[in-house]
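For reference, the chains in residue letters:
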Amino acid sequence: MSMQPATRLCMANIAGGAGKTFLTLSIGAALARQGYRVAVLDMDAQASATKWVGLHDDRSSPGLDPERTAGVVFRVDEPSDAILPDPIRVQDFDLWPANDGIIRDVAPNITADSFRMGNLREALRKREMDYDFILIDTQPGRSADLPAAVVAADHVLVPVCDVKGLENLQKLVTLIKGGRAYAPNLQLRMFIPNKYQAHRRMSRRELELLQGYESVAVIAPPVRLGDLARSIQEDHRSIFDIDPKAGITQDIVELAHFIVKTFRPLQQPVGAASQEVAG
Ligand SMILES: Nc1ncnc2c1ncn2[C@@H]1O[C@H](COP(=O)(O)OP(=O)(O)OP(=O)(O)O)[C@@H](O)[C@H]1O
Ligand SMILES: [Mg+2]
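Chains are numbered independently. Their residues run from 1 in the order of the written sequence. Numbering of ligands from 1 and lettering of chains from A proceed in the order in which they are written. It should be noted that, the model being predicted, local features are given only for residues of pLDDT at least 70 and side-chain atom pairs only at 80 or more, the latter also being counted only at that level, while totals for whole chains, interfaces and linings use all residues. As a rule here, side-chain values cover all heavy atoms of the structure and leave hydrogens and water aside.

A. The arrangement of the packing of aromatic side chains in detail. Each Phe, Tyr or Trp ring, with Trp reduced to its six-membered ring, pairs with another whose centre is within 6.5 Å; inter-plane angles below 30 degrees give stacked pairs, above 60 give edge-to-face pairs, and intermediate values give tilted ones. Within the structure shown, the criterion is met by three aromatic pairs. Ring geometry for Trp-96 versus Tyr-131: centroids 6.2 Å apart, planes at 75 degrees, classification edge-to-face. Note that Trp-96 is positioned in strand β4 (residues 93–96) and Tyr-131 in the loop between α5 (119–125) and β5 (133–137), a separation of 35 residues in sequence. Trp-96 sits in the buried class, given a relative accessible area of 0%. Centre to centre, the rings of Phe-191 and Tyr-213 are 6.0 Å apart; their planes meet at 70 degrees, and the pair counts as edge-to-face. Linking Phe-191 in strand β7 (residues 187–196) with Tyr-213 in the loop between α8 (201–211) and β8 (218–219), this pair joins segments that are 22 residues apart in sequence. The buried label applies to any residue whose accessible area, calculated with a 1.4 Å probe on protein chains only, is under 20% of its type's maximum; exposed applies above 50%, and partly exposed to all values in between. On the accessibility criterion, Phe-191 (0% relative accessible area) is buried. Using a relative accessible area of 27% as the deciding quantity, one classes Tyr-213 as partly exposed. Runs of E in the DSSP output that reach at least two residues are strands. Runs of H or I that reach at least four are helices, and both are numbered from the N terminus.

B. Representation of helix α11 (residues 247–263) in the model. To estimate how far a helix should extend, the number of its residues minus one is multiplied by 1.5 Å. With 17 residues, α11 extends 24 Å from end C-alpha to end C-alpha; this agrees with the ideal 24 Å at 1.5 Å per step. For α11, the set of buried residues is Ile-248, Thr-249, Asp-251, Ile-252, Leu-255, Ala-256, Phe-258, Ile-259, Val-260 and Phe-263.

C. Quick peek at helix α7 (residues 169–179). Taken residue by residue, α7 has Leu-169, Leu-172, Leu-175, Ile-176 and Gly-179 as its buried positions. All buried residues of α7 project into a common sector of 120 degrees when viewed along the axis, lining one side. Residues of α7 that are exposed and point more than 90 degrees away from the buried face comprise Gln-170 and Lys-177. In this description, the arc belongs to the directions extending from the helix axis to the C-beta atoms.

D. Spatial organisation of the environment of His-56. Within the secondary structure layout, His-56 lies in the loop between α2 (48–52) and β3 (88–90). Taking the C-alpha atoms as reference, His-56 lies 8.5 Å from Asn-99; in sequence the two are 43 residues apart. Contact partners of His-56, with chain neighbours within four places excluded, come to Ala-47, Thr-50, Lys-51, Gly-63, Leu-64, Ala-98 and Asn-99. In terms of polar contacts, His-56 uses its side chain to reach the backbone carbonyl oxygen of Gly-63, at 3.4 Å. Polar contacts here mean pairs of N or O atoms no more than 3.5 Å apart (in protein, one a potential hydrogen donor and the other a potential acceptor; neighbouring residues in sequence count only if both atoms are side-chain atoms). For His-56, the side chain forms a polar contact with the main-chain oxygen of Ala-98, separated by 2.9 Å. Note on definitions: a residue-residue contact is assigned when non-hydrogen atoms from the two residues lie within 4.5 Å.

E. Focus on the nonpolar core. Within the largest apolar cluster, 51 residues are counted, with the highest numbers of intra-cluster contacts made by Leu-41, Met-43, Leu-120, Leu-124, Ile-136, Val-150 and Phe-191. Setting aside residues up to four positions removed in sequence, Val-150 forms contacts with Cys-10, Ala-12, Val-156, Leu-175, Ile-176 and Leu-186. Within this scheme, the nonpolar core is defined by two criteria: the residues are buried Ala, Val, Leu, Ile, Met, Phe, Trp, Tyr or Cys, and they are joined through side-chain atoms within 4.5 Å. Within the second largest apolar cluster, 42 residues are counted, among which are Val-38, Ala-49, Val-90 and Phe-258.

F. Broad picture of the packing of helix α1 (residues 20–33) against α11. Running from amino to carboxyl end, α1 crosses α11 at an angle of 75 degrees, the nearest separation of the two axes being 9 Å. Between α1 and α11, the crossing angle belongs to the class labelled roughly perpendicular. Here α1 contributes Phe-22, Leu-23, Ser-26, Ile-27, Ala-30 and Leu-31 to the contact with α11, which in turn contributes Ile-248, Ile-252, Leu-255, Ala-256, Ile-259 and Val-260. Here, axes are lines fitted to C-alpha atoms. For helices the fit covers the stretch in contact, and angles between N-to-C directions go from 0 to 180 degrees. Here the word oblique covers every angle except those under 35 degrees (roughly parallel), over 145 (roughly antiparallel) and from 65 to 115 (roughly perpendicular).

G. Structural detail: unusual backbone geometry. The phi dihedral of Ala-47 is positive, around 60 degrees, even though this residue is not glycine. Looking at the secondary structure, you find Ala-47 in the loop between β2 (38–42) and α2.

H. Highlighting the side chain of Thr-249. Structurally, Thr-249 can be placed in helix α11. Classification of Thr-249 by relative accessible area gives buried; the value is 0%. In this structure Thr-249 touches Leu-228, Ile-239, Phe-240, Asp-243 and Pro-244, once residues within four positions along its chain are discounted.

I. Local environment of the site of ligand 1. The criterion for a residue being near a molecule or strand is simple. One of its heavy atoms has to lie within 4 Å of it. Ligand 1 sits among 20 residues. The nearest are Lys-20, Thr-21, Phe-22, Asn-194 and Gln-233. Between Gly-17 and ligand 1, the recorded distance is 3.0 Å, taken from a backbone N or O atom to an oxygen atom. Within the backbone of Arg-224, a nitrogen or oxygen atom sits 2.9 Å from a nitrogen atom of ligand 1. Only α1, β7 and α9 (228–235) provide two or more residues apiece to the shell around ligand 1. Class assignment of the residues belonging to the shell around ligand 1 gives a composition of seven nonpolar, eight polar and five charged. Note that Gly is not counted as nonpolar here; it falls among the polar residues with everything else outside the nonpolar set of Ala, Val, Leu, Ile, Met, Phe, Trp, Tyr, Cys and Pro and the charged set of Asp, Glu, Lys and Arg.

J. Representation of the pairing of strand β6 (residues 155–160) in the model. Within β6, six of the six residues are buried, which leaves the element mostly enclosed by the surrounding structure. Residue alternation in β6 divides its side chains into two sets, His-155, Leu-157 and Pro-159 and Val-156, Val-158 and Val-160, and both sets are buried. Paired strands are those between which DSSP finds at least two bridges. As paired elements, strand β1 (residues 7–11) and β6 share three bridges and run parallel to each other. Each residue of the ladder has a partner; that of Met-11, found in β6, is Leu-157. Crossover handedness is defined here as right-handed if the route from the first strand over the helix to the second strand goes clockwise, with the strands pointing away from the viewer. For the crossover that starts at β6, traverses α7 and ends in the parallel β7, the hand is right-handed.

This is the structure we're talking about:
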């Protein structure tokens, strides 16, 4: 077990559809394959991540159980009493699923008592030695669910597929500043250009425009537009299981390396270290 607490990353963009869910699941899969211990937390009431891994297919699935979502932590007054249920093992990582429990437990409880905003952060702290990376997927828009998820993390990653998606950036920056009451080190850390098309001038122009935001946060290597992003939704397998050689899969590998270099420069994954010894 690592001596370093988990790096907690939150995917957020107030504008919808930029690739939060696709990137959360695929980066999670990539980090797990590199030997890191990964947990994914689905904080989106749409439950896309939970559905894409197949946990809404069967009516008896634990993915549909409101008692299994991270929303339960908002039922208690004292952040120190906030305890996460056991996550569900899927693909190569642990997942806290989303379902109607998120709708029932998150926004209404925070609205009733805003002091509960930090409950998820406290609950995750109790799990922080169990993982190297905890990835949080959020919903678009600006309901109370978003700050509750964001303040559970230390670093915010923003997928961007066209610069128009940054129109709401100032709102996110304001939300992050406010979130420091709960998470003092909370930062917008990375833009991830997604659905990139190197042969298209439009796409290259978008990337140049994004580079204008380099003073706000680091720009990750782009992830190309690729059919696999849609395939994982129906297939319920990771991009690595469907096509490890695809260009988009390679982009995700590179992105995961970039994330490790950015957030955990000194740590070798447990799996990789033991493989080296064995080899
Ligand atoms: N690199 C990519 N190439 C092709 N399609 C992609 C890529 N990334 C995401 N998509 C597709 O774009 C759509 C939106 O992606 P995704 O659902 O991950 O975005 P999101 O930010 O989570 O959306 P929401 O705001 O609704 O939660 C999905 O159909 C997804 O499969
Ligand atoms: Mg999503």
